[in-house]
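Residue-level listing of the chains:
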Amino acid sequence: SGKIESLAKTEANKMLNGEFDFSSLDISLFKNFPKASLTLNNFWIKGADEFSNDTIAKGKELTATINLFSLFGDNYKIDRVILKEATLKAVIAENDKVNWDILKETDQAPSQETSSEESGDFSLELNQFTLDDLTILFDNRKDKELMSINHLQLNLKGDLSSDHTTLNISAETPSISYNVNGLALVNSISLKTKINLDADLKNNKFTFNKNEIQLNAIKASLDGWVALQDDDAIEMDLNLNTDKIDFKQILSLIPALYTNDFKGLKTEGQATLAAYAKGTYKGENLPNFNLKLD
């Protein structure tokens, strides 16, 4: 076990300009044979040069469950990946350098054999991906932007190796914030969502069916589809609808009203929102859209 841990650290750091380390690596081969579980405990990755003191990623636990027999073929089967109590931090410096650019460049050009049909036969099957308490920090020092997504819980189920699959996604975070030049445009807004996604990965078309989105106490449904084209155009036909919303719920999205006085504010009335976007988005070309607030 100690030799495997030492080898993993050495080989990983050979590929990085930054620094990678962890406290222990647990391997279970027999508990769920032929599936093997690999768990990385208390890991972290630091940047390079001016970012050498910046921790890009750290986490309490990263676990992957792999079908051992698949390691002898070209179709690697990973049953699930779970990341617990982790933080990701992305930084753009004033000089345009980014802290996540840590992979060493290689002088080896891909050989004819590597770029042939052999590489095309490789596939990776993943059935479940779980984030258990992930915090994401984005610090754009050049444009003075700060964004944070705190304590994100996310669970994704579906065969990601199939050309056509159904993905079930649930996500929840108690706090999303976005700050520009010291002004809080989004201040600790909570988000919950349940998404049923029909993914045609061969044609890059994604269809939404009876999806739920909730911002603070405001609930909305999203239906329709989005298709990514080869010319960077995005085709879409999307519909958004809400139930009746109290005006106080709408005002809760405005950062200036996050004060003690807001609790004593009296409002009357309800609203419903319906919107659609249909057509092509490319560059400055926008799809047809309509937004109606009653």
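One can find the structure itself at the top, above this paragraph.
Quick look at the structure, then. Sequence order sets the numbering: in each chain, residues are counted from 1 along the sequence as written. Residues qualify for local features only when their pLDDT is at least 70, as the model is predicted, and side-chain atom pairs are given and counted only at 80 or more; totals for whole chains, interfaces and linings, by contrast, use all residues. Neither water nor hydrogens contribute to the side-chain values; these are computed over all heavy atoms in the structure.

**Observations concerning the pairing of strand β7 (residues 164–180)**
As defined by bridge partners, strand β6 (residues 145–157) adjoins β7 across 11 bridges and the pair is classed as antiparallel. Across the sheet, residue Met 147 finds its bridge partner in β7, namely Tyr 178. Note on pairing: DSSP must find at least two bridges between two strands before they are called paired. Only DSSP runs of H or I covering at least 4 residues are called helices, and only runs of E covering at least 2 are called strands; the numbering of each starts at the N terminus. Counting the residues that bridge the hairpin from β6 to β7 gives six residues, and of these Gly 158 lies at a positive phi of roughly 150°. Bridge analysis of β7 against strand β8 (residues 183–200) gives 14 bridges, and the strand direction is antiparallel.

**Let's talk about unusual backbone geometry**
With glycine set apart, most residues show a phi of negative sign, and most peptide bonds adopt trans. The backbone phi angle of Asn 42 is positive, close to 50°, even though this residue is not glycine. Looking at the element boundaries, Asn 42 is found in strand β2 (residues 35–46). The backbone phi angle of Asp 49 is positive, close to 55°, even though this residue is not glycine. As for its placement among the helices and strands, Asp 49 is situated in the loop between β2 and β3 (55–67). Exposed residues in this analysis have more than 50% of their type's maximum accessible area, buried residues have under 20%, and partly exposed residues fall in between, with area computed by a 1.4 Å probe over protein chains only. Under the relative-accessibility criterion, Asp 49 is labelled exposed at 66%.

**Notes on the packing of aromatic side chains**
Each aromatic pair joins two rings of Phe, Tyr and Trp (for Trp, the six-membered one) with centres within 6.5 Å, and gets the label stacked for planes under 30 degrees apart, edge-to-face for over 60, and tilted for any other angle. For the coordinates displayed, the defined rule picks out one aromatic pair. Taking the centre distance of 5.6 Å and the plane angle of 50° together, the rings of Phe 20 and Phe 22 count as tilted. Across the pair, exposure class does not vary: Phe 20 and Phe 22 are buried alike. In this analysis the charged atom, NZ for Lys or CZ for Arg, is taken to sit over a ring once it is within 6 Å of the ring centre and within 35 degrees of the ring normal. Just above the ring of Phe 22 sits the side chain of Lys 9; from NZ or CZ to the centre is 4.8 Å. Across the ring face of Trp 225, the terminal group of Lys 205 is positioned such that the distance to the ring centre comes to 4.5 Å.

**Notes on the nonpolar core**
Core analysis: the largest hydrophobic core is formed by 29 residues, its most contacted members being Phe 20 and Leu 152. Contacts were defined at the residue level, with two residues in contact if any of their heavy atoms lie within 4.5 Å. If sequence neighbours within four positions are ignored, Phe 20 has contacts with Ala 12, Asn 13, Leu 40, Phe 43, Trp 44 and Ile 45. To qualify as a nonpolar core, a set must consist of buried Ala, Val, Leu, Ile, Met, Phe, Trp, Tyr and Cys residues joined through side-chain atoms within 4.5 Å. The next biggest cluster of nonpolar side chains, apart from the first, holds five residues, and it includes Ala 64, Ile 78, Val 81 and Leu 126.

**What to know about the pattern of salt bridges**
Salt bridge, as used here: a side-chain nitrogen of Lys or Arg that lies within 4 Å of a carboxyl oxygen of Asp or Glu. By the definition in use, this model includes 12 salt bridges. Where Arg 141 meets Asp 139, a salt bridge forms, and the shortest distance between an N and an O atom there is 3.0 Å. Taken together, the shared-partner salt bridges in this structure form one network comprising Asp 54, Lys 89, Asp 139 and Arg 141.

**Here's the deal with the environment of Ile 78**
In this fold, Ile 78 is placed in strand β4 (residues 75–92). According to the relative accessible area criterion, Ile 78 is buried, its value standing at 17%. Remark: the alpha-carbon pair of Ile 78 and Ala 36, spanning 42 residues in sequence, is separated by 9.5 Å.

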